[in-house]
Structures are given as structure tokens and as C-alpha cells.
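Chain by chain, the residues run as shown.
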Amino acid sequence: MNRKRRAVFSGVACILGLMLAVQFQTTNNPVTRDTRDTWELRADLEKEKQRQQDLNDEINKYQALLDNYEQSRKKEKIEAMQQALDDLKEEAGLTEVSGQGIVITIEPFNEGEMPKVYPELIRRLINELNRYDAKDISVDGQRIITTTPIREVNGETYINNQPISSFPIEIKVLSDDAQKLQNKIIASESAEDFVRENLYIDSKPENQLTLPAYDKPIRVKYMKQAKEEL
């Protein structure tokens, strides 16, 4: 009988101990409740939404500035590339050019005679003009570039696959110092070569000359497209 009482007493004591422990825990850690009313909650929510919207507006503003900056940089790059392309075209003789220079005229010494103007005479004259710092050259309306063919076909001299016209033959040369170039060409070996062929060279400086662009296809040998590296 005593054993039963002790067992019951122990059980009750355990239950009371658990209850006291739970009550103590609840007292020390009360559940916090949001005591704000509905209007306050709505007002706080609206403030949070507005703050988020302000942040989004700032992000969009700076993103737009960044996009504009990138577009500006792209535009500058395109303009720089276009300028470089134009410079290369001008250097290659693919554009019309103007400036000061000299006009060389080739004519027969004696009227009525029609001496031949051999390709070698033209090539030597062009080489000499380049040696004297000529910037750009056209012969009989044909722009001279590095790949210009000057050859004889069926007894006629062709430049850029076009036959040269009858006398007088006009050669236009652009130069930074036209007077100096004229003085050199008059006393050049090329002038003597033309004299030996019964041809007379005359030249005069001009303040403004216009040379046509090279308008024929440019054929480049021994080149192939490079493969793009991945």
C-alpha cells in the first residue's frame, strides 16, 4: 500500500514539476505581439513600398546613364574606325584628292610627228616623282596606285587597262612643295629620257589640282582570309 502511495506521489510531483517548468519558460519568454493597428500597418507598408520604388528608380537612372555611356563609347569607336577606313582609302588612292602640285605635259618635239610613249618612260617618270616626294599622281586621267599596271598592248601603252590618249598627255602631281618638285623634274633623268624619244616635257605649278579616285578592282594575290580564333 505504501509503495502505491509513493508511486502516485512521485507521478504527481513529476507532473507538477513539468507544469512549473513550462510556466517559468513562458514567463521569461513571452510571445511578442504586433500591437499596431491596421492603419499603422498599412502606413508602414506604403512607406516600405515607396522606399523600394525609390531604390528601383535610382537603379534605373544609373542603368540608363551606363547604357548611354556604352552607346557613346560605341559611337566613338565607330567614328574612329570610319576615320581610319577613310584615311586608308585615301592612302590607297581610292578617293578623289585635291591640293597644290604641278601639271606635267608630254608633247612631241616636232609637230606632225607621233612618237611612241613607251611604258618604261612612264614608269621611270613615276618612280622619279615618288623619289621627289610626290604625294599623289594621275596620268592621262588615270590615278596611279602601287598596283597600277603600265604595259604595252598591241603597240599601245595602257595604264589601268586603259589606252593613253593622243598628245598632249597630262600628268597631275600633288606635292607639299610644288615649286621644288617642278625644279627637280625639269633637270631629272626622266626628262632626258623623253628627249631621246623626241618628246618634250613641260611643267607648271598649280595652287589647286584635283586627282580622280582609282576606280578599278584591286586584285591581291597570295592572300587568304584568316580563320577567326574562338
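Higher on the page you've got the structure.
This structure is a prediction, so every number in the text was calculated from the model and none was measured.

Caption draft 1: Region of interest: the overall build of the protein chain. Each helix and strand in the protein chain was counted, giving five helices and eight strands. For the protein chain, long-range pairs separated by at least 24 residues make up 80% of all intrachain contacts whose partners lie at least 6 apart in sequence. Only carbon and sulfur atoms are counted for the fraction: they give 52% of the accessible area of the protein chain, which is about 17900 Å².

Caption draft 2: Representation of the sheet that holds strand S1 (residues 97-108) in the model. Read from one edge of the open sheet, five strands run S3-S2-S7-S1-S8, paired in antiparallel fashion. Each edge of the open sheet is held by one strand with a lone partner, namely strand S3 (142-143) and strand S8 (199-211). Sheet topology places S1 next to S8; 11 bridges connect them, and they run antiparallel. Among the inter-strand pairings, Thr-105 is bridged to a residue of S8, identified as Asp-202. Packed on one face of the sheet, helix H3 (residues 119-131) meets S1, strand S2 (136-139), strand S7 (169-174) and S8 and runs near 160° to S2.

Caption draft 3: How the structure looks around the pattern of salt bridges. Scanning the entire structure with this criterion turns up 11 salt bridges. For Arg-124, the salt bridge identified is with Asp-193, shortest N-O distance 3.4 Å. Of the two residues, Arg-124 is situated in helix H3 and Asp-193 in helix H5 (residues 189-196); the sequence distance between them amounts to 69 residues. When the shortest N-O distance is used, the salt bridge between Asp-136 and Arg-143 registers 2.9 Å. Using a relative accessible area of 16% as the deciding quantity, one classes Asp-136 as buried. Looking at Arg-143, the relative accessible area reads 2%, which means it is buried.

Caption draft 4: View of the nonpolar core. Core analysis: the largest hydrophobic core is formed by 26 residues, its most contacted members being Ile-106, Leu-129, Ile-137 and Val-173. Contributions of two or more residues to this core are made by S1, H3, S2, S7, helix H4 (178-186) and S8. Ignoring anything within four residues of it in the chain, the contact list for Val-173 reads Gln-100, Gly-101, Ile-102, Ile-104, Leu-129, Ala-134, Asp-136, Ile-137, Leu-181 and Leu-209. The next biggest cluster of nonpolar side chains, apart from the first, holds five residues, and it includes Val-103, Leu-174, Leu-209 and Leu-211.

Rules of the game
- Residues numbered from 1 in each chain as written.
- Predicted model: local features only at pLDDT ≥ 70, side-chain atom pairs only at ≥ 80, totals over all residues.
- Heavy atoms only, no water.
- Helix = DSSP H or I, 4+ residues; strand = E, 2+ residues; numbered from the N terminus.
- Contact = heavy atoms within 4.5 Å.
- Areas by Shrake-Rupley, 256 points an atom, 1.4 Å probe, with all protein chains shown as cover.
- Pairing = 2+ DSSP bridges.
- Axes fitted to C-alpha atoms, helices over the stretch in contact; angles between N-to-C directions.
- Salt bridge = Lys/Arg side-chain N within 4 Å of Asp/Glu carboxyl O.
- Buried < 20%, exposed > 50% of the residue type's maximum accessible area, 1.4 Å probe, protein only.
- Core = buried A, V, L, I, M, F, W, Y, C linked by side-chain atoms within 4.5 Å.

Read these as spatial facts, not as claims about activity.
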